[in-house]
Amino acid sequence: MAHKAGFVNIIGNPNVGKSTLMNAFVGERLSIITSKAQTTRHRILGIVNGEDFQVVLSDTPGIIKPAYEMQESMMNFVKSAFEDADILIYMVEIGEKELKDDAFFNKIIHAKIPVLLLLNKIDNSHQEQLEEQVGFWKEKVPNAEIFPISALKNFNVPEVFGRILELLPESPPFYPKDQLTDKPERFFVNETIREKILLNYNKEIPYAVEIETEEFLEDDDIIRIRALIMVERDTQKGIIIGHKGAALKKVGVESRAELEKFFGKQIHIELYVKVNKNWRSDARQLRRFGYNQ
């Protein structure tokens, strides 16, 4: 049988379940999943390999109107997802009516490649609402195949993956067949720590944070990690650390537990906090952190 391979890129508004879907396909937690919007900042590839196929899935940031330079960079990751896709997944949730960017929506309805529109979170709806939503999206995106799904509960997800395999072009694999993602280990350390900050702090704090893993030393049975948590203001540094360091310690404990599951090894982690003023609007800093590439 001929080998199939291709890029399947997932786009949609913030918090519609894109990361949950990709993690369900890949079987690993490659993308941050929280109830907060804008949790995915980069374009993350997850690779699913079979004997005669390779699906390269791309999770992208939720589509927003950019307010500062980092968000402009996030939307550039979304634009790039249109350029190399063999199959486009447009993900919406029950009750949603529009994409937050008309230009992106126009690209979807005029796409020359297969478009799968996934109507997510149907476990939060009833039959009448579901039928109304399917009808609405058939009219709105006539070029798409529509699949009602629940990414969280894995409802209809295997059927979507089966359809992806049918649509994949014949091609040799793009990556080694034992590869899971295009990102290095340090990226997942950074994302894990950032996820714990998203879950433990409120308001602007999580969005003003960037993580840099300065040291990643792996032995046979332990990985030693030293990571820097960067914030934009002195007041944010105090909040991250907390009273007598309690808040920072909680982030460290939760991150260590998550990373031990991810890497399957004992983790020793040290966290530090540093003020890096206005890094989200500094092009040089953004390049350093993997944006604006």
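Residues numbered from 1 in each chain as written. Predicted model: local features only at pLDDT ≥ 70, side-chain atom pairs only at ≥ 80, totals over all residues. Heavy atoms only, no water.

1. Details of the packing of aromatic side chains
- Summed over all chains, the structure comprises seven aromatic pairs.
- When the ring of Phe25 is compared with that of Phe161, the centres are 5.4 Å apart and the planes differ by 45 degrees; the resulting orientation is tilted. Placement of the pair is Phe25 in helix H1 (residues 18-26) and Phe161 in helix H5 (residues 157-167), with a sequence separation of 136 residues. Exposure class is identical for Phe25 and Phe161. Each is buried.
- Here the aromatic rings of Phe136 and Trp137 are separated by 5.0 Å at their centres, their planes lie at 85 degrees, and the arrangement is edge-to-face.
- Among the aromatic side chains, those forming a connected cluster through ring pairs are Phe25, Phe53 and Phe161. (Phe/Tyr/Trp six-rings, centres within 6.5 Å; stacked < 30°, edge-to-face > 60°. Helix = DSSP H or I, 4+ residues; strand = E, 2+ residues; numbered from the N terminus. Buried < 20%, exposed > 50% of the residue type's maximum accessible area, 1.4 Å probe, protein only.)

2. Let's talk about the packing of H1 against H5
- Interaxial distance between H1 and H5 falls to 11 Å at its minimum, and their mutual angle equals 75 degrees. Comparing their axes, H5 and H1 come out roughly perpendicular. Of the residues in H5, those touching H1 at Leu21, Ala24 and Phe25 are Val157, Val160, Phe161 and Ile164.
- For the contact of H1 with H5, the class distribution of residues is seven nonpolar, no polar and no charged. (Axes fitted to C-alpha atoms, helices over the stretch in contact; angles between N-to-C directions. Parallel < 35°, antiparallel > 145°, perpendicular 65-115°, else oblique. Contact = heavy atoms within 4.5 Å. Nonpolar A, V, L, I, M, F, W, Y, C, P; charged D, E, K, R; others polar.)

3. Description of the confidence of the model for the protein
- For the protein, mean pLDDT is 80; residues scoring 70 or higher make up 80% of the total.
- Segment residues 31-42 is flagged for pLDDT under 50; beyond a separation of four residues in sequence, or across chains, it makes 63 contacts in the model. (pLDDT = per-residue confidence, 0-100.)

4. Observations regarding the sheet that holds strand E8 (residues 222-231)
- The three strands lie next to each other as E7-E8-E9, forming an open sheet whose pairing is mixed. Two strands bound the open sheet, and with one partner strand each, they are strand E7 (210-218) and strand E9 (266-275). Direction aside, neighbouring strands of the sheet carry axes that sit 15 degrees apart on average.
- Bridge count between E7 and E8: eight bridges; the pairing is antiparallel. The residue bridging Ile211 from the neighbouring strand is Ile229, located in E8. (Pairing = 2+ DSSP bridges.)

5. Focus: helix H8 (residues 246-263)
- Helix length check: H8, at 18 residues, gives a terminal C-alpha distance of 26 Å against a target of 26 Å (1.5 Å per residue), a fit within 8%.
- Within H8, burial applies to Leu248, Val251, Gly252, Ser255, Glu258 and Leu259. Angular distribution of buried residues about the axis of H8 spans 140 degrees; they occupy a single face of the element. For H8, exposure combined with an orientation more than 90 degrees from the buried face picks out Lys249 and Lys261.
- Looking at the buried side of H8, the elements it contacts are helix H6 (185-200), E8, helix H7 (234-241) and E9.
- Taken from the residues just after H8, Gly264 is the one with a positive phi, measuring 65 degrees. (Expected span 1.5 Å × (residues − 1). Arc of directions from axis to C-beta.)

6. Focus on the pattern of salt bridges
- As enumerated under the stated definition, the model contains 11 salt bridges in all.
- The partner of Lys196 in a salt bridge is Glu258, with the nearest N and O atoms 3.0 Å apart. Of this pair, Lys196 sits in helix H6 while Glu258 sits in helix H8, and the two are 62 residues apart along the sequence.
- By relative accessible area, which is 16% here, Glu258 ends up buried.
- Residues joined in a network through salt bridges with shared partners are Glu145, Arg163 and Glu166. (Salt bridge = Lys/Arg side-chain N within 4 Å of Asp/Glu carboxyl O.)

7. Details of the pairing of strand E1 (residues 4-12)
- With eight of nine residues buried, E1 lies mostly within the body of the structure.
- With five bridges connecting them, E1 and strand E4 (residues 87-93) associate as parallel partners. Across the sheet, the residue bridging to Gly12 is Met91, located in E4.

8. What about the nonpolar core?
- Leu21, Phe25, Val55, Ile89, Leu118 and Ile164 are the most contacted members of the largest nonpolar core, which totals 24 residues.
- Elements with a minimum of two residues in this core: E1, H1, strand E3 (53-59), E4, strand E5 (115-120) and H5.
- When near neighbours in sequence (up to four residues on either side) are disregarded, Ile164 contacts Val8, Phe25, Val55, Ile87, Ile89 and Leu116.
- Val209, Phe216, Val251 and Ile269 belong to the second-largest nonpolar core, a separate cluster that totals 21 residues. (Core = buried A, V, L, I, M, F, W, Y, C linked by side-chain atoms within 4.5 Å.)

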